[in-house]
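Single-letter residue listing:
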Amino acid sequence: MDITFDHVSLNHPLSLSIPDWTIRSGEHWAVFETHGNVGSLLGDLLCNELTPDSGTVCQPHTRIAQVSLAEQQRLLELENANDDTDFLDRIDYGRTVYQLVSEFSDNPEVIEQLIQELDLLHLKDRGFKQLSTGETRRVMLARALACAPKVLILDEPFVGLDKLHRKMLADYLRDLSLHVQLVVITSREDEVPTWMSHVAMFENGELKEQLSYNQWREHPIISQLLAQSSQQSEQWLALIRKHQHSAKFADPLVKITDGNVEYVDQKIFSGVNWQINNGDHWQVRGPNGCGKSTLLGMIFGDHPQCYSNDIEIYGIKRGSGETIWDIKQHTGMVSSSLHLQYRVNCSARDVLLSGFFDSIGLYDQPSQKQIEAANEWLTLLHMSELRDTSFKSLEYSQQRLLLIARAIIKQPTILILDEPYQGLDFLGRKLVMNALELIAKENLSQLLYVSHYVEDELSSIQHFVDFVPAEGQEEGYKVAISTPIQQTTSDNKMNDKAGAEDNVKTKSLCREE
């Protein structure tokens, strides 16, 4: 039986407009978002969690499930609401992976099969709040499939997954499509599966075109959006230059000596020796769960083990009596964890203003100059009319753009970007990527950058931290530091030439084998 949308409209304040759309039985649709984020709205409509303001959605009486970033946020809020840490002699990390999947199935064989197929076996007893972004995404998919749906809505299913797990999921979805009808919503043109029969193109919440897969591959929209994003990123840079006032610090900006993180039941990494100097931009790379976000959290001060490690930042040794503000006033942060935590009901403008105070929500009185800067950013983000709109009621992509601008607005010395593009539409992702490239080229901030996508790498970043497995699973990970070889005196020209022929890279292991 077909799913039909007839003059459907939503506007509260999220907007969705579908004049006429039929998803016929057996068809697999990709939804490509050029500008705007309709994924969670479509999923909520089809799962009867939303009703349209006008028009009708007719669907068969069959099981429909969804996987989305919005669903992930809802689950985290539920786990936080049920946190029993205050009543236990340990930290409550939430329900385990096995418990979360079994919530939707009473068949142990089905549960075990899903955990095995989605590479969750080694995580089955881990609490939800202990998982990395990529691990959480696989859990959300397992929960949805445990319902045995006939139709599955997947909103950005590859977000947060490392290269290996993206390949694994692509193969898994191809096999799944043989017996489950799929609607895959994505903002990355290369993540539209080749076996899709149709593509629906949305812009600013409105269904613009319905195409066959072959028609989609020949569409000129991608080149048009690339040109548009390049122009807008220059406007970002002009605003950043206008308010530039970063403090200057002597080298090293950050120094970690023999860094180590472990829990009672798990070692994450050990033996990390890393120094960040002025002018150096770094990318941190590695598989899901290796400790990338943990390492960045230690620098930012949000990880509890930052005080049990030998860390110096801006010339201050952590744990020497400094306040958290001594660190955070010079550091900007964007991460999936911050996005999940930012659930206060403040306005869009207050989110930007909170960047000056590094608070979740606004509790200080901003200056007139800070208010003017926030208004300029809202204009640049095309969100001036949403200035007083609650952050929680905005589209996920709008929320992420606000959090990126929140991190940049105070012109931080170090800008930490942990999977910054998660949930952004195509135009937003290209716009932010271009802006970050320009920030790095002009050294307006020092970038610490995480992305699992090769195509998201920035040419201005030539320093890398790579997490690699240590010997034995119980040993966690070690890291390899890669930096460009610096030009030396004429006495070393011969060596420099040999090094250049070797791709001008040098690696040193920061942990003994």
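Residues numbered from 1 in each chain as written. Predicted model: local features only at pLDDT ≥ 70, side-chain atom pairs only at ≥ 80, totals over all residues. Heavy atoms only, no water.

- Going by the annotation in an unreviewed UniProt entry, the name recorded for the protein chain is Putative molybdenum transport ATP-binding protein modF, with Vibrio maritimus given as the source organism.

1. Some remarks on unusual backbone geometry
- The residue after D251, namely P252, is reached through a cis peptide bond having omega -5 degrees.
- Mapped onto the elements of the fold, P252 is located in the loop between α8 (221-242) and β10 (254-263).
- At A148, a position not held by glycine, the phi torsion is positive, near 55 degrees.
- Mapping A148 onto the fold places it in the loop between α5 (133-146) and β6 (151-155). (Helix = DSSP H or I, 4+ residues; strand = E, 2+ residues; numbered from the N terminus.)

2. Some words on the side chain of R143
- Looking at the secondary structure, you find R143 in helix α5.
- With a relative accessible area of 11%, R143 lands in the buried category.
- Apart from the residues lying within four places of it in its own chain, the contact partners of R143 are L75, L100, V101, E103 and F104. (Buried < 20%, exposed > 50% of the residue type's maximum accessible area, 1.4 Å probe, protein only. Contact = heavy atoms within 4.5 Å.)

3. Quick look at helix α9 (residues 292-300)
- α9 sits mainly inside the fold: eight of its nine residues count as buried.
- Three or more residues of α9 are buried, namely K292, T294, L295, L296, G297, M298, I299 and F300.
- Residue G301 follows α9 closely and has a positive phi angle near 100 degrees.

4. So, the nonpolar core
- In terms of nonpolar packing, the biggest core is built from 50 residues, with W236, W377, L402 and L436 touching the most fellow members.
- Elements represented by at least two residues in this core include exactly α8, α12 (348-354), α13 (368-380), α14 (396-408), β16 (414-418), α15 (426-441) and β17 (446-450).
- When residues of this core are assigned to their parent elements, the largest contribution, eight residues, is made by α15.
- If we skip the residues at most four places from it in the chain, W236 touches W377, L380, L381, L401, I404, I408, L431, V432 and A435.
- With 49 residues, the next largest nonpolar core counts V101, L182, L225 and F426 among its residues. (Core = buried A, V, L, I, M, F, W, Y, C linked by side-chain atoms within 4.5 Å.)

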